[in-house]
Amino acid sequence: MKLVYVFDAYCGWSHGFSVTLREVVSRHPGLPVEVVSGGLFTGSRRVPIREFGYVQGANAQIAELTGAEFGEGYERLIADGSFVMDSEAAARGMAALRQAGPDRAAALATDLQHAFYADGRSLSDPATYRVVAEAAGLDADAVVAAFESAEARAAAEADFRRAAELGVTGFPTLLAVEGGSIAPLAYGRATADEVDQRLASHAATLTS
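Source: prediction; values computed, not measured.

J.: Looking at this structure, I do not really get the packing of aromatic side chains. What am I missing?
T.: Ring pairs (aromatic) are described by centroid distance and by the angle formed between their planes. If you walk through the whole model with that rule in mind, you get twelve aromatic pairs. For the pair Phe41 and Phe52, a centre-to-centre distance of 5.1 Å together with 75° between the ring planes defines the contact as edge-to-face. Of this pair, Phe41 sits in the loop between β2 (33-37) and α3 (55-66) while Phe52 sits in the loop between β2 and α3, placing them eleven residues apart in sequence. Summarising the burial analysis for this pair, Phe41 and Phe52 share the class buried. Where Phe70 meets Tyr117, the ring centres are 5.3 Å apart and the plane angle is 90°; that geometry is what we call edge-to-face. Here Phe70 is found in the loop between α3 and α4 (72-78), whereas its partner Tyr117 is found in helix α6 (residues 105-117), with 47 residues between them in sequence. For Phe70, a relative accessible area of 17% puts it in the buried group.

Next up, the structure:
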């Protein structure tokens with residue numbers, strides 16, 4: 001069995017799920033985790049953040065319900081409303097980080113969200129991936145080169161297809177996958193204890 005985490009680095013609810021994800025991964029070190037980027041802000045949705053009037057209110061709700069923090073750097077970045085969230089660029093960056101640290105993909109996903117939601121770093125800026133890679137002890141030059149490569153673009157598109165094939169319609173979604181069996185463990189938000197209960201129940205059905 002493995003866990004499949006489908007998220008979008010520009011999704012506030014995914015940011016709110018970061019603590020739960022880290023806790024679940026720490027409790028189950030033997031379970032592989034596949035991290036898949038979703039395409040929340042692609043195509044016609046790549047517009048200035050001011051066009052999404054719900055963002056600030058949603059962030060307040062996310063903070064209240066999950067304890068997630070939205071830093072001053074993030075608030076400054078989006079203050080004038082002109083910043084454009086581009087999920088394709090974020091997915092390329094996640095693919096580059098995942099390639100450099102395949103066994104640490106879940107932690108790197110949360111690091112990437114921290115770079116945006118706490119530090120206010122654009123996920124379209126190669127410099128962001130240098131900072132994240134260096135902090136994680138990865139080869140920063142290789143990560144930046146990968147971010148700008150054609151392979152990363154292909155990986156991003158493959159991620160978007162993978163999310164659709166899994167039937168994911170919202171982020172974050174955490175799944176348990178065993179062969180052709182797919183069981184939802186979390187959608188939107190959940191505690192690590194709730195995820196564990198669902199995971200144990202799914203494992204029991206597989207062995208019964």
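Moving on from the coordinates now.
J.: Mind showing me how you'd approach helix α7 (residues 126-135) here?
T.: Residues separated by three or four positions in an α-helix point in the same direction, a consequence of the helix having 3.6 residues per turn. For α7, the set of buried residues is Thr128, Tyr129, Val132 and Ala133. An end-on view of α7 places all buried positions within 125° of arc, on one side of the element. Check the buried side of α7 and you find it contacts α5 (87-100), α6 and α8 (140-147). Capping the start of α7 is the job of one residue whose side-chain oxygen sits 2.9 Å from the backbone nitrogen of Ala127: Asp125.

J.: Looking at this structure, how should I read unusual backbone geometry?
T.: Excluding glycine, a negative phi dihedral is what most residues carry, and trans is how most peptide bonds are arranged. Cis geometry is found at the peptide bond from Phe171 to Pro172, where omega equals -5°. Within the secondary structure, Pro172 is located in the loop between α9 (150-165) and β3 (173-178).

J.: Would you mind going over the packing of helix α2 (residues 18-27) against helix α10 (residues 192-207) with me for this structure?
T.: Any two packed helices are characterised by how steeply their axes cross, that is the angle between the axes, and by the distance between the axes. One way to put it is that α2 packs onto α10 with a least axis distance of 9 Å and a crossing angle of 50°. Overall, the two elements α2 and α10 adopt an arrangement that is oblique. Here α2 and α10 pass one another in a crossing that is right-handed. For the pair α2 and α10, contact is made by Thr20, Glu23, Val24 and Arg27 and by Ala192, Asp193, Val195 and Asp196, respectively.

J.: Where do I start with the nonpolar core in this structure?
T.: Here is a general trend for soluble globular proteins: nonpolar side chains tend to be buried in one another's company. In this structure, Leu97 and Leu174 are the most contacted members of the largest nonpolar core, which totals 53 residues. Sorting elements by how many residues they give to this core places α6 first, with eight residues. Not counting the four nearest positions on each side in its chain, Leu174 is found in contact with Leu3, Val4, Tyr5, Phe17, Leu21, Ala183, Pro184, Leu185, Ala186 and Val195. The next biggest cluster of nonpolar side chains, apart from the first, holds ten residues, and it includes Val6, Cys11, Phe171 and Val177.

Thresholds applied
- Residues numbered from 1 in each chain as written.
- Predicted model: local features only at pLDDT ≥ 70, side-chain atom pairs only at ≥ 80, totals over all residues.
- Heavy atoms only, no water.
- Phe/Tyr/Trp six-rings, centres within 6.5 Å; stacked < 30°, edge-to-face > 60°.
- Helix = DSSP H or I, 4+ residues; strand = E, 2+ residues; numbered from the N terminus.
- Buried < 20%, exposed > 50% of the residue type's maximum accessible area, 1.4 Å probe, protein only.
- Arc of directions from axis to C-beta.
- Contact = heavy atoms within 4.5 Å.
- Polar contact = N/O pair within 3.5 Å; in protein donor to acceptor, adjacent residues only side chain to side chain.
- Axes fitted to C-alpha atoms, helices over the stretch in contact; angles between N-to-C directions.
- Parallel < 35°, antiparallel > 145°, perpendicular 65-115°, else oblique.
- Left-handed = near helix turned anticlockwise from the far one by under 90°.
- Core = buried A, V, L, I, M, F, W, Y, C linked by side-chain atoms within 4.5 Å.

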